[in-house]
Structure formats: structure tokens, C-alpha cells
Amino acid sequence: MSLRQPKGTMDVDATNTKRPGKRPRAAHDAAARHNGGRNDTTSESTSESNDAKQQTKRKSNSPREEGACGRCLLCRTPRCGHCFPCVFQSEQTTEGKEGQGETGRCLRKLRPAAPLGFPPGWSFAFDDPTIPSPVFGPSRPLSLAGLRLASPSGGVFRSLAAAIDRIAFASAEEAVDLVARFLVHVGSSRHMSDPDHFLVGKGYSHEFTTANGATVVLFGKVAACLRPAGGSEDDLPVFFVQYDGDARSMANGTGVDGLPSLQIVDAGAAWGGGVAFERRSHRRRGPDSVIRSVDQSTPVETWVAPDARVEEVVEGTDGTRLPRLIVVARGYKFVFGTRAVDWGGAQQRQCGVFATCTPLHDGSDGELNLKPGELIDLGVFAPLRPEDETSLAAFVLKDYLHSFTVGRWGVVAGQDDVAHDLTDDATGELHEIAARSTLSHVRTQRTKGPRPTIHARYDPGGKVHFLFGILYEGNWAEYGSGMRQLAPLFGGGEVEATVDWRHGLGKRAAADAKCLESMGVFQMQDIVACRDRLERLLEANASEARPPAFVERAKRAVDRLEERSNELLTLLADVQSRENEDMSDVPDVSSLVSARDYFQKLQEGWKR
């Protein structure tokens, strides 16, 4: 489920924004995880006559599929002629009702295919991009709307950048070729390698703070550039960064794991990494200098790891003990204190984080020595402990049962079917370790108001960091306006640190329906994970202590999960009953049956 289409990324054709009918969608979902990478877009059975083939080919271009790109592999595949949408369309045509009603796409055409050029075992499909993600996730490059890539191990990735991190390539050129061919394969705009781009071959550096406070510095080079063919200057390219092997080995010694050898970054990060490399290596002169080549229209983003960082829990004036973070960077001491504040004048009080700043010496001129695009890394927001990592589906269920209080502290992990959960099962509030973390108390920036000063980003290992500062996106006037927000810091005042934290649930009135809708497209392992999490949630909330709202929401969620379980079981039974069907990829449904039975048992107990 895609949170939003990030700025500067490609989108698929309009056909992917049209939601198919209910049953085709169920078939799509069930096959997406269990296909095992097999390409189901094969030709028709040899027993089918040539006339029948031509008829099904004509059906694939019927008005019911108007808006399809007509270029990708799935569009060029003929309808099977046997599934529900195909049979229904055939009946409509026979009765002279061609063009009436919405029958949805052929089930076979909605099955995932093996992505062109990917290693064996990978598969891909497109979900309905209009179903929003109920959980926030920092944006990544090459996040096509609705795209779902599945690795051989079962991991799900919503962007090509996230998937490429998991693949070993012999060279950057091999990765560029794979991405370019795949984009054409799915009907997106054509992209081409740009080996003559100024940044290609330049040094690259990226520094960040680990969960235990250590600083990691990665070195490498910008190995390749990929840009839209025939695009305008506004179509920013993406870059392939190759990290030095020794730098990765040293980072592993600090407890950081999962660092990729090759990573796709956007234009801002590529320019920022080139600038950081030259500052560290003192190469700031000459015609080939990245620093001298950056102008005001160039987006730049550079992480600045603090020189010192300490976090402690202090007692406030009201006796409440809350965390405080102190970081030293660029000659200043920044203090991020936590205190309770009124939320929009309502009776409910929440915590917020407020920053103050003091120079380390008296001769300061009152200006912060941060260059445009530099952001101070405040540390890891999530995960804070191993058990914080949970199934995305299980997190959605927990957030729904706790009336969406959990979602304030949840974020999609580096793998897009996994979420980081910082809350307690019983209360839905921050767990003990998260409550002692200052970053857990940062509030969401309101739609109207100052620009956010906290920005969520993934580090190369997939952990979520909070960065402090004003983004530089190639607009000097906007940057100057944002920096004026920080002016009170240098006059002895304070500034609230807020984050641009948006999920797809929208307002509370519509959140219930959207959350239940997302449960309606869960896969088999999603439902099994929900069954396990629901059992833990009910155990954590003893029967006599469960709030009435929690119980009512649990009933609605269980009804939806039981309904979805039956849909998948019916679909899989239908697949098993087909003649000449390869059964090697049909999953064992015993765990799904067990989950369905558990839901039914709960329903019976609630009725008594």
C-alpha cells in the first residue's frame, strides 16, 4: 500500500489507478505472495483453437479495459476466457450488452509475473494505488504507484530502490540496465543511462549516528546515473552509489548490519554526498569540484552527525520525568527538551519537543554554521529494540483496535511489509524504552503553519532517523523563509521541533472505513500474523479491563478478517480444482484455516 507518490518519481499509466472488481482483486492478492516468481503470462493452452485465441485477444482490448497501456506484458496477454470476469463479459456480449457494466480484469492477467532481469524467485504485481497506506513511511526513489516487488524470501518492497538494496550486482551498469528494462517492461516512461553526468565517478560520503550513539562514515563513489529519456529539466535523475568495501566492514564493526554495496539515491542525496566527500577530503577547488558546481537551483541533502550526543531523563516543574536530548554540532549546543502541551486547545494534553541553542564560545556571530542542505542527524527513531519490528498487517490491526493512537509512533521499516511499533500492547501508548526517547515525543506538523524542522529518513541499513534542519530543494527563497523560523534559537528563544508525518488514513471520520478496507486485501501470511497479534492483544487486555470501544472494534476487525479468510480459502480451493494446473506453487492453507477457526471461535464467544 503506497503512502503517497513522492515528488520527482515516476507513475504508472492510468490503468493502474482503476480499481478492479472484488473477485479479480482477491485473486490478484492471493497470487501475489504465493506465485513463487513463476511467470503466469504464458500463451494459451495448445488445445485451444486458433479462432478462440483470436476471440480472447479481441476481448483483451474491449472497452472494459479502456485506459490500459497496451504495452506492458500483462496488457499484451490475451484473456483466459474461463475466469469469472471473462465468462461474465462473454455472457454480456452474447446478450448484446457489450460495454455495459464493469467486469474487471482477467484473473490470469492480474497474477504477478517474474520481473524482467531480476534474479530467480522474484515476482512483481501492481496493487490498487488508490488504497492508502495506514502507516507512514519515508519516501524512496523509483516508487511507482501500486508496485509490489516480492523477494524469494517473501519480503515485499514498494520501490525499485528498496529492492535493489537486496540484490548483489557485478557492476553498477548491470543494476542500471535492470532498472531501465523493468520500467519499460511495466509500461512506465523510458529511462536511459547517463554516463556523462557531472556526478558520475565523483566521490561520495554519508555519515550517520547509530542506535548506541556511535558515528558511522561510509565512503564510495557515484557509479551511474539514470534519467528519463527526453525528459525536461524538472525530471530529476536518480543515481547509483557504490560503497567502499572497507568502509562497510568498518561500519559492521560498530554493530551496523545490512549495509548494501550498491544503493539508489535521489538527486539531492547524490549532490549532498558529493559535497560531503569533498569537505572531508578537503577537495574544494578546481573545475571538477562538486562544491563549486552546486548552484541555487540544485537540491542538496547532507547528513551531519553530531560531535557529541547525550540523552537523559529529567524532572520537569510539574514533577513529570521526561527525556531530554543534547547534541553538539558546528560549534553549538542544541537542547531538545520534552514537555506537555495543549493540543489545539482541546482538553487532551500531549508531549512536544522544543529546541534551544547556545554557542560553545562567546565570539559567535549568532549565525548557525550549517550550509544549505545540511541536516543534523538526531539519531535513530525506530526500531529501539528487536521486538519493535512487526508485520505491517499486525500493526494495522493493533492501530485500529486502539483507535489509531498507535499510528502516531509507527513507521514502515526498510522492508515494506514490516513496521516498527514503539507502543505497548495493553495500552497503545509508548513502551518503556520509547517513552525515554526524546524523538518519540516529536509532534506531527499541522497542515497549516511553519515548515517542519524534523525529517524522517532511512539510513543505508534501513533504520529510520530523525534529522533536524530546513530542507534545501533547489529554491533559495523557500529555504530562506524556512531558516527564518529558526531565528528565535539564536536570540535565547525556543522552536518546537515538528515532523511532516502523514499516513493515508486522513481524518478520523474516514479512518475506520479505510483501515477495514486495507484488511480486505490482506494476504494469507498477513491474516496469520493478525491472528497471532490479536491473541496477544486480548491477553494483554484482560476481559474485565477491556474498554468497550476496544471490544467493539475487535468485533468489527474479526468479522472482516474472517470474511477475508473465507475469500482466500475459496480462491485457493478453486485453483486446486483446475485441471492441468501446476500445484507446486499452491501454499499450505492449514495456518489460514487455523486462523479462520480462531476468528469464528471468538465470534461465537462474543455472542454468548
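Keep in mind it's a predicted model, so treat the numbers as computed, not measured.

(A) Molecular detail of the side chain of threonine 390. Tracing the backbone through its elements, the reader meets threonine 390 in strand β15 (residues 389-391). Residue classification places threonine 390 among the buried residues on the basis of a relative accessible area of 11%. Here arginine 533 takes part through its side chain, which lies 3.2 Å from a polar atom of the side chain of threonine 390. Residue contacts for threonine 390: discarding those within four places in its chain leaves Phe395, Asp417, Val418, Ala419, Asp421 and Arg533.

(B) Structural detail: the side chain of threonine 302. With respect to the helices and strands, the residue threonine 302 is situated in strand β9 (residues 302-304). Within the local environment of threonine 302, its side chain forms a polar contact with the backbone oxygen of glycine 272, the two atoms lying 3.1 Å apart. With residues up to four places along the chain from it excluded, the contact list for threonine 302 reads Gly272, Ala276, Gly373, Glu374 and Leu375.

(C) View of the environment of isoleucine 326. Within the secondary structure layout, isoleucine 326 lies in strand β11 (residues 321-329). For the pair isoleucine 326 and glutamate 312, spaced 14 residues apart in sequence, the C-alpha separation works out to 8.5 Å. Sequence-distant contacts of isoleucine 326, that is, excluding residues within four places in its chain, are made with Ala308, Arg309, Val310, Glu312, Lys333, Phe334 and Val335.

(D) The arrangement of the sheet that holds strand β16 (residues 410-412) in detail. One open sheet holds the 3 strands; their spatial order is β15-β17-β16, and the pairing between them is antiparallel. The open sheet terminates on both sides in strands that have one partner only, identified here as β15 and β16. The average angle at which neighbouring strand axes cross in this sheet is 35 degrees, direction not considered. Sheet topology note: the β16/strand β17 (residues 418-421) ladder contains 3 bridges and is antiparallel.

(E) Expanded view of helix α14 (residues 524-540). In a regular helix each residue adds 1.5 Å, so 17 residues correspond to 24 Å; α14 covers 25 Å between its end C-alpha atoms and thus fits that length. The complete set of buried residues in α14 reads Met524, Asp526, Ile527, Ala529, Cys530, Arg531, Arg533, Leu534, Leu537 and Leu538.

Calculation rules
- Residues numbered from 1 in each chain as written.
- Predicted model: local features only at pLDDT ≥ 70, side-chain atom pairs only at ≥ 80, totals over all residues.
- Heavy atoms only, no water.
- Helix = DSSP H or I, 4+ residues; strand = E, 2+ residues; numbered from the N terminus.
- Buried < 20%, exposed > 50% of the residue type's maximum accessible area, 1.4 Å probe, protein only.
- Polar contact = N/O pair within 3.5 Å; in protein donor to acceptor, adjacent residues only side chain to side chain.
- Contact = heavy atoms within 4.5 Å.
- Pairing = 2+ DSSP bridges.
- Axes fitted to C-alpha atoms, helices over the stretch in contact; angles between N-to-C directions.
- Expected span 1.5 Å × (residues − 1).

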